[in-house]
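Architecture and fold: a report
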Amino acid sequence: MRPGPRLLRAALRSSGLRSYWARQYPCLRAPAARAAAETHVVETLRTLPLSQRVGYMTVLRALPLAYRLANGGRSLRRATDEEGRHGMRVLAALPGFSEVVRSSTALALLGALDGRTGEGTPR
């Protein structure tokens, strides 16, 4: 399996992070900013070596289940602002999740600031 943009985008969308970002960061609420953020994350992940891409994608896919297990069955997508922040702090104690959430959030914010929504090489 060679995770390309479609698989990476699907993993990001299934993670629940996009809704979390929109609640936590007002700059990611506009559709154009969300699209630019998602594109930036996906395009940056495409530059990683295959083993790291697969690992990152696996953690993104596992994130909703890990969040539920770490937070008493609560869903990341339905969490309020405060529940989301608290839940992410709990999730951060699990190996790997803190790094993926922190790095993908940083990439999303950079993508929104950059404002590019088209496919291509990240700046």
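Quick notes on the rules
Residues numbered from 1 in each chain as written. Predicted model: local features only at pLDDT ≥ 70, side-chain atom pairs only at ≥ 80, totals over all residues. Heavy atoms only, no water. Helix = DSSP H or I, 4+ residues; strand = E, 2+ residues; numbered from the N terminus. Polar contact = N/O pair within 3.5 Å; in protein donor to acceptor, adjacent residues only side chain to side chain. Contact = heavy atoms within 4.5 Å. Core = buried A, V, L, I, M, F, W, Y, C linked by side-chain atoms within 4.5 Å. Buried < 20%, exposed > 50% of the residue type's maximum accessible area, 1.4 Å probe, protein only. Salt bridge = Lys/Arg side-chain N within 4 Å of Asp/Glu carboxyl O.

This part is about the side chain of Ser104. Along the chain, Ser104 falls in helix H6 (residues 97-114). A distance of 2.6 Å separates a polar side-chain atom of Ser104 from the backbone oxygen of Val100. Excluding residues that lie within four positions of it along the chain, Ser104 makes contacts with Leu17, Trp21, Val41 and Tyr56.

With that settled, the discussion passes to the nonpolar core. By size, the foremost hydrophobic cluster in this structure holds 29 residues, and its most contacted members are Leu17, Trp21, Val41, Leu60, Leu63, Met88 and Leu91. Secondary structure elements with two or more residues in this core: helix H1 (5-15), helix H2 (17-24), helix H3 (31-46), helix H4 (50-70), helix H5 (81-91) and H6.

On to the side chain of Glu43. Along the polypeptide, Glu43 turns up in helix H3. Judged by relative accessible area, Glu43 falls into the buried class, the value being 5%. Polar contacts involving the side chain of Glu43 include one to the side chain of Arg46, which spans 3.1 Å.

In this section: the pattern of salt bridges. All chains considered together, the criterion is met by six salt bridges. Residues Glu38 and Arg9 are paired through a salt bridge, measuring 2.7 Å at the closest nitrogen-oxygen approach. Of the two residues, Glu38 is situated in helix H3 and Arg9 in helix H1; the sequence distance between them amounts to 29 residues. The buried category is assigned to Glu38, whose relative accessible area is 3%. With a closest N to O distance of 2.9 Å, Glu38 and Arg13 form a salt bridge. Of this pair, Glu38 sits in helix H3 while Arg13 sits in helix H1, and the two are 25 residues apart along the sequence. For Arg13, a relative accessible area of 42% corresponds to the partly exposed category. Via salt bridges that share partners, Arg9, Arg13, Arg18 and Glu38 belong to a single interconnected network.

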